[in-house]
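# Close look at the chain arrangement
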Amino acid sequence: MKLDFVQIRGFRNIDDLSIVPDAKLNIFLGENGSGKSSILEAIHYLGFTRSFRTSKHKNVIQHEQQSFTVFAQVDCDNTIYKLGLSRTVSDECLVSIDGLKSKSAVDLVSKLPVQIFTPQSSDLILGSPRLRRKYLDWLLFHVEQQFANKFAMYRRCLLQINASYKISSRAKGLDSFWTEQLAELGEDIRNLHESLMLSEFKAFIHYNLQVFLPEFSFDISYYKGWEKELNLKEAIDKNCVRDKKRGFVSVGPHKADLRIKIGGVLAHEILSRGQVRMLVAALQIAQAQYLKSKLQKSVVFLLDDIGAELDSSKQELFINSLLNTGSQLFVTAIDRKQLNYISNYQHKKLFHVEHGQVREEI
Ligand SMILES: Nc1ncnc2c1ncn2[C@@H]1O[C@H](COP(=O)(O)OP(=O)(O)OP(=O)(O)O)[C@@H](O)[C@H]1O
């Protein structure tokens, strides 16, 4: 999976920019505010239909413009896809695949596994369980065909029940229909989460942790989102009275978590900021390794400001591990000094970014 060609139009300070990336390593150098992160952000839109910096699409559209467009030609094992995404000021999301309009953004994002590593990625460890669920769900979305559908149906059921919990007069029969559906789908999702954590994926995580943080012994466990000894239907029923008062279902895989501990204590209580970033790097490399081993798919990896809090030997280790999975990398830095090890790489392209324009260094 490689981006052969990328074109970005009307995106932040990028008026119209085209690049032909290297299949392995692409480095974007430029001063603060030159547009380096915006290039990664635009590529991120193809993999997620959203930004990693803002939830307001309007804010990334270039001032005075009505929309932005990102287009990429993707080589997936010699099959070429042409993917396009456009978002307008009126919040429309237009997706095209091989020139044909697609109704579903899922069609687009399933074609292109994209991952991002930024200084904010530490939130995977420091932030709420929602981010760790997203970490698992992203991988399941790409490796398990049934996951996207089950997940969407589960969300729909949850919304229905939460709405009915807020209206006490709702017919009881209808409640029990949705509850049974929710419990069934929730158990399926729990099953997929647990199977993933029992697979070689966990072995990949431990292997990477041994490489990045050999001084610590980690324990990684999955919390399914409700009491251990109950099935989901029993847990929903048990919490029903309290949850109806609060107006939402408080148990289920939407409350699941990945708990990472060292000596019985949550890892973030012990690790330094740099070590937290290494932990995140180890977890993200495991995603790329698993995708590669399970489906022979590789990831487009965006490394924004990799120099922040990772020393050069760890940066190099991170880049090498990702390149070993066949990932295509897009890396930003303010100047070459931040990436003094980069001369070790034969296959790479260097781009200088200035005022939203790029110039390739030959
Ligand atoms: N909607 C917009 N329209 C036009 N310009 C914008 C818009 N939003 C942001 N900008 C500008 O786009 C520029 C690109 O910012 P970007 O974050 O990509 O820079 P960067 O090179 O990654 O900088 P840094 O090294 O400081 O992180 C900034 O100068 C910013 O002020």
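What counts and how
- Residues numbered from 1 in each chain as written.
- Predicted model: local features only at pLDDT ≥ 70, side-chain atom pairs only at ≥ 80, totals over all residues.
- Heavy atoms only, no water.
- Helix = DSSP H or I, 4+ residues; strand = E, 2+ residues; numbered from the N terminus.
- Rg over C-alpha atoms; globule rule 2.2 N^0.38 Å.
- Buried < 20%, exposed > 50% of the residue type's maximum accessible area, 1.4 Å probe, protein only.
- Contact = heavy atoms within 4.5 Å.
- Domains from an automatic or database assignment.
- Buried area = accessible area lost by both parts, 1.4 Å probe.
- Salt bridge = Lys/Arg side-chain N within 4 Å of Asp/Glu carboxyl O.
- Polar contact = N/O pair within 3.5 Å; in protein donor to acceptor, adjacent residues only side chain to side chain.
- Nonpolar A, V, L, I, M, F, W, Y, C, P; charged D, E, K, R; others polar.
- Core = buried A, V, L, I, M, F, W, Y, C linked by side-chain atoms within 4.5 Å.
- UniProt positions renumbered as here; feature names shortened; annotations may be inferred.
- Near = heavy atom within 4 Å.
- Areas by Shrake-Rupley, 256 points an atom, 1.4 Å probe, with all protein chains shown as cover.

### Brief notes about the overall build of the protein
Along the backbone of the protein there are 10 helices and 15 strands. Here the C-alpha atoms of the protein give a radius of gyration of 22 Å, agreeing with the 21 Å that 2.2 N^0.38 yields for 362 residues. If you line up the protein on its principal axes, its C-alpha atoms span 70 × 50 × 35 Å. Buried positions account for 52% of the 362 residues belonging to the protein.

### Considering the side chain of Gln115
Checked against the element boundaries, Gln115 lands in strand β8 (residues 114-117). Taking relative accessible area as the criterion, Gln115 reaches 8% and is therefore assigned buried. Leaving out residues up to four positions away in the same chain, Gln115 has contacts with Phe48, Trp138, Gln284, Gln287, Val299, Val300, Phe301 and Leu302.

### Examining the environment of Ile262
Position of Ile262 relative to the elements: it lies in strand β10 (residues 257-262). Between the C-alpha atoms of Ile262 and Phe218, which are 44 residues apart in sequence, the distance is 4.9 Å. Other than its neighbours up to four places away in sequence, Ile262 contacts Phe216, Ser217, Phe218, Ala267, Ile270 and Leu271.

### A few points about the domain arrangement of the protein
Domains assigned within the protein are domain 1 (1-113 + 300-362) and domain 2 (118-297). Taken together, the contacts link 24 residues of domain 1 with 21 residues of domain 2. For the pair domain 1 and domain 2, the summed buried area comes to about 1,800 Å², and 72% of that belongs to carbon and sulfur atoms. Three residues stand out in domain 1 for area buried against domain 2, namely Pro113, Glu309 and Thr325, and they jointly supply 28% of the buried area on that side. Inspection of the region where domain 1 meets domain 2 yields zero salt bridges. Our count for the domain 1 to domain 2 interface comes out at two residue pairs in polar contact (both at pLDDT 80 or more). Put simply, the parts of the chain that give the side of domain 1 that touches domain 2 at least two residues each are α2 (105-111) and α10 (312-324). When residues in the side of domain 1 that touches domain 2 are grouped by element, the largest group, five residues, is from α10. Taken together, the residues of the side of domain 1 that touches domain 2 sort by class into 14 nonpolar, four polar and six charged.

### Focus: the nonpolar core
Within the largest apolar cluster, 113 residues are counted, with the highest numbers of intra-cluster contacts made by Phe201, Phe218, Leu279, Leu303 and Phe318. Looking at which element gives the most residues to this core, the answer is helix α9 (residues 273-295), with 12 residues. Residue contributions to this core reach at least three from each of two domains, namely domain 1 (1-113 + 300-362) and domain 2 (118-297). Setting aside chain neighbours within four positions, we find Leu279 in contact with Ile125, Leu209, Leu213, Phe218, Ile260, Ala267 and Leu271.

### Notes on the UniProt feature "binding site: ATP" (unreviewed entry) in the protein
UniProt records the feature "binding site: ATP" (unreviewed entry) at Gly30, Glu31, Asn32, Gly33, Ser34, Gly35, Lys36 and Ser37, using the numbering of this structure. Along the chain, Asn32 turns up in the loop between β3 (25-29) and α1 (36-48). Owing to a relative accessible area of 66%, Asn32 belongs among the exposed residues under this scheme. Tracing the chain through its elements places Gly35 in the loop between β3 and α1. Here Gly35 falls in the buried class, since its relative accessible area comes to 7%. Leave out the neighbours within four places in its chain, and Gly35 touches Asn13, Ile14 and Val353.

### Some remarks on the site of the ligand
Lining the immediate environment of the ligand, one finds 15 residues, of which Gly33, Lys36, Ser37, Ser38 and Arg53 sit closest. A distance of 3.0 Å separates an oxygen atom of the ligand from a polar atom in the side chain of Asn32. At 3.2 Å from a nitrogen atom of the ligand is found a main-chain nitrogen or oxygen belonging to His63. Computed on the free molecule, the ligand has an accessible area of 660 Å², of which 71% lies beneath the protein chains in the complex.

### What to know about the pattern of salt bridges
On inspection of all chains with the given rule, the structure shows 13 salt bridges. With a closest N to O distance of 2.7 Å, Glu227 and Lys238 form a salt bridge. Placement of Glu227 in the loop between β9 (218-223) and α8 (232-246) and of Lys238 in helix α8 is noted, with a sequence separation of 11 residues between them. A single salt-bridge network, built from bridges that share partners, covers Arg12, Glu41 and Arg53.

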